[in-house]
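# Chains, contacts and geometry: an overview
Letter by letter, the chains look like this.
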Amino acid sequence: VWIGESATATAIETFKDGVGRFYFEYAETGDTFMRARWLESESMPTIGAGTFPLIFGDLSGYIILERLGLSITRFQDSATGPNRVEFHVRRRLGGDLMEPWRLAIQECAA
C-alpha cells in the first residue's frame, strides 16, 4: 500500500510510463499507484526539500491496540440547549510500528 497526502497524489497522478499509461489509476475498488493500493493521510508532509511524503509497504507491521480506560461524560447545561442531554464517550487507543522492515519511506531532495 502507498500512503501520502492529497497534494502528493495530485503531483504524482500525472506520471506516465514509456507507453503513455498513467501510474496512478482511479477505480471503484480503490485508487492504485503502480499497481498498489493508495491511501491518503493528511498527517503526511507535503512534498518539499528534506521531507518524507510517501510510505510504501505492508501495514500488517503496524499494530493498533485498545488501551485501558473508557470515559463517559454527561453534559446538561445551557450550551446543550433546553431539555437536552449530551453524552461524550472516549476510548483510548494506541498504535506502534512493530515490524519496521515491512515499510519504506521516500525522502524528497531539493
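Only a predicted model underlies this, so the values are computations on that prediction, with no experimental measurement involved. (Residues numbered from 1 in each chain as written. Predicted model: local features only at pLDDT ≥ 70, side-chain atom pairs only at ≥ 80, totals over all residues. Heavy atoms only, no water.)

### Digging into the confidence of the model for the chain
- For the chain, mean pLDDT is 85; residues scoring 70 or higher make up 97% of the total.
- Ranking the elements of the chain by mean pLDDT puts strand S2 (residues 24-25) last, at 82, and strand S5 (residues 54-57) first, at 91. (pLDDT = per-residue confidence, 0-100. Helix = DSSP H or I, 4+ residues; strand = E, 2+ residues; numbered from the N terminus.)

### Considerations on the sheet that holds strand S3 (residues 32-33)
- With mixed pairing, six strands are arranged side by side in an open sheet as S2-S3-S4-S1-S5-S8. The sheet is open, and its two borders are formed by S2 and strand S8 (103-106), each paired with just one other strand.
- Pairing analysis gives two bridges linking S2 to S3, with the strands arranged antiparallel. When the bridges of S3 are listed, Phe24 appears paired with Phe33. (Pairing = 2+ DSSP bridges.)

### Things to note about the environment of Gly20
- Position of Gly20 among the secondary structure elements: in the loop between helix H1 (6-12) and S2.
- For the pair Gly20 and Ile47, spaced 27 residues apart in sequence, the C-alpha to C-alpha distance is 24 Å.

### So, the nonpolar core
- The biggest cluster of nonpolar side chains holds eight residues, and these are Trp2, Ala9, Ile12, Phe24, Phe33, Ala36, Trp38 and Leu54.
- Elements supplying a minimum of two residues to this core: H1 and strand S4 (36-40). (Core = buried A, V, L, I, M, F, W, Y, C linked by side-chain atoms within 4.5 Å. Buried < 20%, exposed > 50% of the residue type's maximum accessible area, 1.4 Å probe, protein only.)

### Brief notes about the pattern of salt bridges
- As enumerated under the stated definition, the model contains five salt bridges in all.
- In this structure, the salt-bridge partner of Glu66 is Arg91, at a minimum N-O distance of 3.7 Å. Of this pair, Glu66 sits in strand S6 (residues 62-75) while Arg91 sits in strand S7 (residues 86-97), and the two are 25 residues apart along the sequence.
- Given the relative accessible area of 57%, Glu66 is considered exposed.
- Under the relative-accessibility criterion, Arg91 is labelled exposed at 53%.
- Residue Arg84 is joined to Glu86 by a salt bridge in which the shortest nitrogen-to-oxygen separation is 3.7 Å.
- Owing to a relative accessible area of 24%, Glu86 belongs among the partly exposed residues under this scheme.
- Here the salt bridges share partners, and the residues they tie into one network are Asp58, Glu99 and Arg102. (Salt bridge = Lys/Arg side-chain N within 4 Å of Asp/Glu carboxyl O.)

### Topic: the pairing of S4
- Bridge count for strand S1 (residues 2-4) against S4 is three bridges, and the pairing is parallel. The residue of S4 that forms the bridge with Ile3 is Leu39.
- As paired elements, S3 and S4 share two bridges and run antiparallel to each other. In the sheet register, Thr32 faces S4, and the bridge partner there is Arg37.

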